Amino acid sequence: MDKIKIRKLTKSRIYLYATLSVLSIITLYTLLTIDFGGVNIAIATKNFFKDLGTMFFSPKLSDRYTYSQIFTSLAVTIALAVLTTIIGSFIALFLSFFAAKNLSSQRTSRIIKICMSFIRAIPTILWVMVFSVVANVGVETAIIGMTFHSVAYLVKAYSESIEEIDNGIVEALRATGASFWKIIFQAVLPSTVTSLLSWTFIRFEINFTNAVLVGAAAGAGGIGYDMFMSGTMYFDIREIGVFVYLIFGVAIILEFISYLLRKKYLKN
C-alpha cells in the first residue's frame with residue numbers, strides 16, 4: 001500500500017503561514033476600510049471594461065499622428081533598448097569576471113555582488129528619476145538609468161553562469177601559469193558564451209519594456225511618450241489601442257527571435 005505523505009510543521013512553514021495570514025488580514029482590512037471618494041465601484045468597473053473593449057476592438061489613429069511618426073517613435077524605443085543593453089552587457093561582462101567566486105577572491109566577489117544586489121533591488125524607473133536630478137530629464141537620463149540597472153542584472157546572471165563551469169579547466173590553466181585574462185579567453189568565454197548570449201537577449205526584452213515606460217517618465221520620447229500624451233492629455237482610448245498593438249507586435253517578434261536563437265544557435 002502507498003504511504004500517505006504528511007508534511008511536518010517546521011519553523012520555516014510556521015513563519016511562512018504566519019506571514020501570509022498577516023498579509024491577508026491587512027489586505028482584507030484595507031479593502032473594507034478604503035475611502036473610494038464617493039466613486040461607485042460597480043459603475044467604475046463597468047466603464048473600465050467598456051474602455052478596454054474600445055481600446056482593443058476599435059483602435060484608430062487620430063489626426064495628431066501619422067503612421068510614419070508612430071513607427072519612428074517605435075524605432076526610437078527599440079534603439080534605446082538596444083543601446084542600453086549593449087553598454088550594460090559590456091560593463092557587466094567585465095565586472096562579472098571579478099564577481100565570480102571561481103575567478104576572483106571571496107572578498108571582491110562579495111563586495112561586487114552586494115553592490116549589484118542593492119542596485120538591482122531598486123526598480124529601473126526609480127534610477128531614471130534619481131539620475132534626472134543630475135542629467136536633467138531626457139534621453140541621457142533614460143540611458144544612464146536603464147544601463148545602471150542592466151549592469152546589476154547582468155552581473156548576477158553572468159557571474160552565476162561563470163561559476164557553473166568546470167573548475168578543473170580553470171585550475172588546469174592556472175597550473176600551467178596562464179594569466180587571468182588567458183583563462184578568461186581560453187576557458188571561461190568558450191564555456192559560457194551560449195548562456196551569456198541568452199541572458200543578454202532576455203535583458204534586451206526587459207529593456208524594451210522599460211524603454212516604453214521611461215519614454216514617458218523621463219521625457220525620452222519614443223512610443224511610450226506618445227502613448228502617455230494620448231492617455232493623459234487627449235484621453236483618446238482608441239489611439240492608445242494602436243500603440244498597445246504595436247508594442248504587443250514587437251514583443252511577439254522578440255519572443256520569436258528568442259525561440260529561434262535557443263533552437264538553432266544557443267543549444268549548439
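The text that follows walks through the structure, step by step, so that each part is easy to find. Each residue is numbered by its place in its chain's sequence as written, counting from 1. The predicted nature of this model means local features are confined to residues of pLDDT at least 70 and side-chain atom pairs, given and counted, to a pLDDT of 80 or more, with totals for whole chains, interfaces and linings taken over all residues. Heavy atoms throughout the structure, all of them, feed into the side-chain values; hydrogens and water do not.

1. Topic: the pattern of salt bridges
- A carboxyl oxygen of Asp or Glu within 4 Å of a side-chain nitrogen of Lys or Arg is what we treat as a salt bridge. This structure, assessed with the given rule, holds five salt bridges.
- A salt bridge links D236 to R64; its shortest N-O distance comes to 3.1 Å. Linking D236 in the loop between helix 9 (222–233) and helix 10 (237–266) with R64 in the loop between helix 2 (41–57) and helix 3 (67–99), this pair joins segments that are 172 residues apart in sequence.
- Residues K156 and E160 are paired through a salt bridge, measuring 2.8 Å at the closest nitrogen-oxygen approach. Within this pair, K156 and its partner E160 are both found in helix 6 (residues 139–163), separated by four residues, close to a single helical turn. Runs of H or I in DSSP of at least four residues are treated as helices and runs of E of at least two as strands, each being numbered from the N terminus.

2. A look at helix 4 (residues 106–121)
- One less than the number of residues in a helix, times 1.5 Å, gives the span that helix is expected to have. Between its first and last C-alpha atoms helix 4 spans 22 Å; for 16 residues at 1.5 Å apiece the expected length is 22 Å, and the two agree.
- Exposure classes here rest on a 1.4 Å probe applied to the protein chains alone. A residue is buried below 20% of its type maximum, exposed above 50%, and partly exposed in between. Here helix 4 has its buried residues at S109, I112, M116 and I119. For helix 4, the angular spread of the buried residues around the axis is 100°, confining them to a single face. Away from the buried face of helix 4 by more than 90 degrees, exposed residues R107, I114, F118 and A121 are located. By construction, the arc corresponds to the directions joining the helix axis to the C-beta atoms.

3. Overview of the packing of aromatic side chains
- Aromatic contacts are taken between Phe, Tyr and Trp rings whose centres are within 6.5 Å, Trp giving its six-membered ring; a plane angle under 30 degrees counts as stacked, one over 60 as edge-to-face, and the others as tilted. Inspection of every chain in the model, using the stated rule, returns 16 aromatic pairs.
- Look at F118 and W127: their rings are 6.4 Å apart centre to centre, the planes differ by 80°, and that puts the pair in the edge-to-face class.
- The exposure class of F118 is exposed, given its relative accessible area of 53%.
- W127 sits in the buried class, given a relative accessible area of 9%.
- When the ring of F180 is compared with that of W181, the centres are 5.2 Å apart and the planes differ by 85°; the resulting orientation is edge-to-face.
- By relative accessible area, which is 28% here, F180 ends up partly exposed.
- Under the relative-accessibility criterion, W181 is labelled partly exposed at 35%.
- The structure contains a cluster of three or more aromatic residues connected by ring pairs, namely F94, F97, F98, F180 and W181.
- Counted as over-ring charges are cases with an Arg CZ or a Lys NZ within 6 Å of the ring centre that also lie within 35 degrees of the ring normal. A cation over an aromatic ring shows up here: R64 above the ring of Y234, its NZ or CZ 4.0 Å from the ring centre.
- The lysine or arginine in question, R203, covers the ring of Y153, its NZ or CZ lying 4.9 Å from the ring centre.

4. What about the nonpolar core?
- L61, Y65, I70, F208, I223, F243 and L254 are the most contacted members of the largest nonpolar core, which has 17 residues in total.
- For this core, the secondary structure elements donating two or more residues are helix 3, helix 8 (180–217), helix 9 and helix 10.
- Here a residue-residue contact requires only that any non-hydrogen atoms of the pair lie within 4.5 Å. Non-local contacts of I70, meaning those with residues more than four positions away in its chain, are made with L61, Y65, D226, F243 and L246.
- Side-chain atoms within 4.5 Å are what join buried Ala, Val, Leu, Ile, Met, Phe, Trp, Tyr and Cys residues into a set we call a nonpolar core. Judged by nonpolar contacts, the second largest core, of 14 residues, contains A99, M116, F131 and V151.

Purely geometric numbers; function is a separate question.
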